[in-house]
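Take a look at the letters that make up each chain.
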Amino acid sequence: MHIFHAFHFLIQFQMERFSKAIAAVKDHTSLRLAARTSLSELDVTILKATSHNEQPADESHIQQILNLTATSPLLVSSCVNTISRRLNKTRNWVVALKTLMLVRRLLHEGNRRYAREMFTATRRGTRLLNMSDFRDALKSTTWDYAAFVRTYSLFLDEELEYKMQGRRGSCSSFALEEKDDEDDTEREDVVVPVREMENDQLFARNNHLMQLLERFLACRPAGEARHNRMVMVALYSILVQSFQIYSDIKEVMGVFTDRFDNLSLQDSVKVYAMANRVAKQYDVLDMFYDWCKSVGIARTSEYPEIEKISPKKLEAMDEIIKQKSDESKQES
């Protein structure tokens, strides 16, 4: 039995070495072909930033892509198309994750047109953030990594949805736009302060935030992926983002708490259901943060102190709802 396990381990090790060697050849071949064909400087840089090398992308390549597409709508569209093809063709978790990490950087630091281009491409069925069926070629040894790629892409997809809903004033409950021009780069988002929002706006905002938090919680790596540097680097960026998501949810729940006595019975029930869901999410989030701290992702001082929703507070809300229900019956 021991001999069998040793033999099995040796085969897996040799397969991984062979796979990495093939990947290196693929990268080298792609770059040589790029030099001989009409591939643009942008395409070549994207290839370099999303190589098979199991190391985070060289920052100079990311900056070059950001600079090349900073003012050109055509290059933004070209970049999104190249990224989409990259994700569509690859069966390597390293390439897929590095490409998704590039997508995140472009959404956060790049031309504002990226969000619209990616949103449109994804909703047309183009494989951009639709990675739910992604599998690595070495299924037996890379399952945990492929799973992280899938959950990471779902987080980015949800974030993109949230971002686009925030830009479209007519469809959004938490952001207004000064102009109705189709040129996204010339729009200015006028964000309504949370405490000035109507209840319907608050519900819409928090529903998006809770779903985004749910996607983040699903990104907790498992198995071998928990100790991989690439995964840790990818996780760090959305971990820091989760601090703000938590803060935003906390702010909305605080407003609802202040208004709770004066809410209608229907809205009170909705807030109560929301508070129950958030309470459960906070418990999972607290455990996720504890794990992140234990493996050294971000400084401990960066983490927020999770202010949990206690069972006592939920009971008090339930009592108020019962009182409102009784009063409603008496009035009718």
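In what follows, the accompanying structure is described. (Residues numbered from 1 in each chain as written. Predicted model: local features only at pLDDT ≥ 70, side-chain atom pairs only at ≥ 80, totals over all residues. Heavy atoms only, no water.)

### Thoughts on the overall build of the chain
- Along the backbone of the chain there are 11 helices and two strands.
- Element order for the chain, N to C, with α for helix and β for strand: α-α-α-α-α-α-α-β-β-α-α-α-α.
- In the chain, which comprises 332 residues, the share counted as buried stands at 45%.
- The contacts in the chain between residues at least 6 apart in sequence include a share of 73% that link residues at least 24 apart.
- Accessible area of the chain: about 17,800 Å², with a carbon and sulfur share of 51%. (Helix = DSSP H or I, 4+ residues; strand = E, 2+ residues; numbered from the N terminus. Buried < 20%, exposed > 50% of the residue type's maximum accessible area, 1.4 Å probe, protein only. Contact = heavy atoms within 4.5 Å. Areas by Shrake-Rupley, 256 points an atom, 1.4 Å probe, with all protein chains shown as cover.)

### Some words on the pattern of salt bridges
- Within the structure shown, the criterion is met by 12 salt bridges.
- Where arginine 195 meets aspartate 258, a salt bridge forms, and the shortest distance between an N and an O atom there is 3.1 Å. Residue arginine 195 is located in the loop between strand E2 (189–191) and helix H8 (199–217), and its partner aspartate 258 is located in helix H9 (residues 229–259); the two are separated by 63 residues in the primary sequence. No difference in accessibility class separates arginine 195 from aspartate 258, as the two residues are exposed.
- Linking glutamate 302 and arginine 299 is a salt bridge whose minimum nitrogen-to-oxygen distance equals 4.0 Å. (Salt bridge = Lys/Arg side-chain N within 4 Å of Asp/Glu carboxyl O.)

### Overview of the side chain of threonine 99
- You can see threonine 99 is positioned in helix H5 (residues 93–109).
- For threonine 99, the side chain forms a polar contact with the main-chain oxygen of valine 95, separated by 2.6 Å.
- When residues no more than four places from it in sequence are discounted, the contact partners of threonine 99 are Thr50, Ile83, Arg86 and Leu87. (Polar contact = N/O pair within 3.5 Å; in protein donor to acceptor, adjacent residues only side chain to side chain.)

### Some details on the packing of H9 against helix H10 (residues 265–294)
- Relative to each other, H9 and H10 sit at 150°, their axes nearing to 11 Å. In this view, H9 runs roughly antiparallel relative to H10, as classed from their interaxial angle. Considering only the axes of H9 and H10, their crossing is left-handed. On H10, the residues that touch Met232, Leu235, Leu239, Ser242, Phe243, Tyr246, Ile249, Lys250, Met253 and Phe256 of H9 are Val271, Met274, Ala275, Val278, Tyr282, Leu285, Phe288, Tyr289, Trp291 and Cys292. (Axes fitted to C-alpha atoms, helices over the stretch in contact; angles between N-to-C directions. Parallel < 35°, antiparallel > 145°, perpendicular 65-115°, else oblique. Left-handed = near helix turned anticlockwise from the far one by under 90°.)

### Overview of the packing of helix H4 (residues 73–89) against helix H6 (residues 113–123)
- Packing of H4 against H6 brings their axes to within 10 Å, and their N-to-C directions diverge by 40°. In terms of their interaxial angle, H4 and H6 are classed as oblique. The two elements H4 and H6 meet at a crossing, and its hand is right-handed. Listed contacts from H6 to Pro73, Val76, Ser77, Cys79 and Val80 of H4 are Arg113, Tyr114, Glu117, Met118 and Ala121.

### Brief notes about H10
- With 30 residues, H10 extends 44 Å from end C-alpha to end C-alpha; this agrees with the ideal 44 Å at 1.5 Å per step.
- Count one or two residues on from H10 and you reach glycine 296, which has phi positive near 80°. (Expected span 1.5 Å × (residues − 1).)

### Describing the packing of aromatic side chains
- Counted by the stated rule, this structure contains nine aromatic pairs.
- Considering the side-chain rings of tryptophan 93 and tyrosine 145, the 4.4 Å spacing of their centres and the 15° angle between planes classify their relative orientation as stacked. In this pair, tryptophan 93 is assigned in helix H5 and tyrosine 145 in helix H7 (residues 139–167), connecting sequence segments 52 residues apart. Here the two residues tryptophan 93 and tyrosine 145 agree in accessibility, since each one is buried.
- Relative to phenylalanine 288, the ring of phenylalanine 216 lies with its centre 4.9 Å away and its plane at 20°, an arrangement referred to as stacked. (Phe/Tyr/Trp six-rings, centres within 6.5 Å; stacked < 30°, edge-to-face > 60°.)

### Here's the deal with the nonpolar core
- Residues Leu97 and Phe216 are the most contacted members of the largest nonpolar core, which totals 89 residues.
- Looking at which element gives the most residues to this core, the answer is H9, with 15 residues.
- In this view, leucine 97 contacts Phe148, Val149, Tyr152, Met230, Val231 and Ala234; residues no more than four positions away in its chain are not counted. (Core = buried A, V, L, I, M, F, W, Y, C linked by side-chain atoms within 4.5 Å.)

### Observations concerning unusual backbone geometry
- The phi dihedral of alanine 298 falls on the positive side, at around 75°, and the residue is not glycine.
- Note that alanine 298 resides in the loop between H10 and helix H11 (311–331).

### Here's the deal with the environment of phenylalanine 119
- Within the secondary structure, phenylalanine 119 sits in helix H6.
- When its relative accessible area of 12% is taken as the criterion, phenylalanine 119 is described as buried.
- Taking C-alpha positions, phenylalanine 119 is 9.6 Å from lysine 163, a pair spaced 44 residues apart along the chain.

### What about the side chain of glutamine 241?
- In this fold, glutamine 241 is placed in helix H9.
- A relative accessible area of 14% places glutamine 241 in the buried class.
- Apart from the residues lying within four places of it in its own chain, the contact partners of glutamine 241 are Arg104, His108, Phe155 and Glu159.

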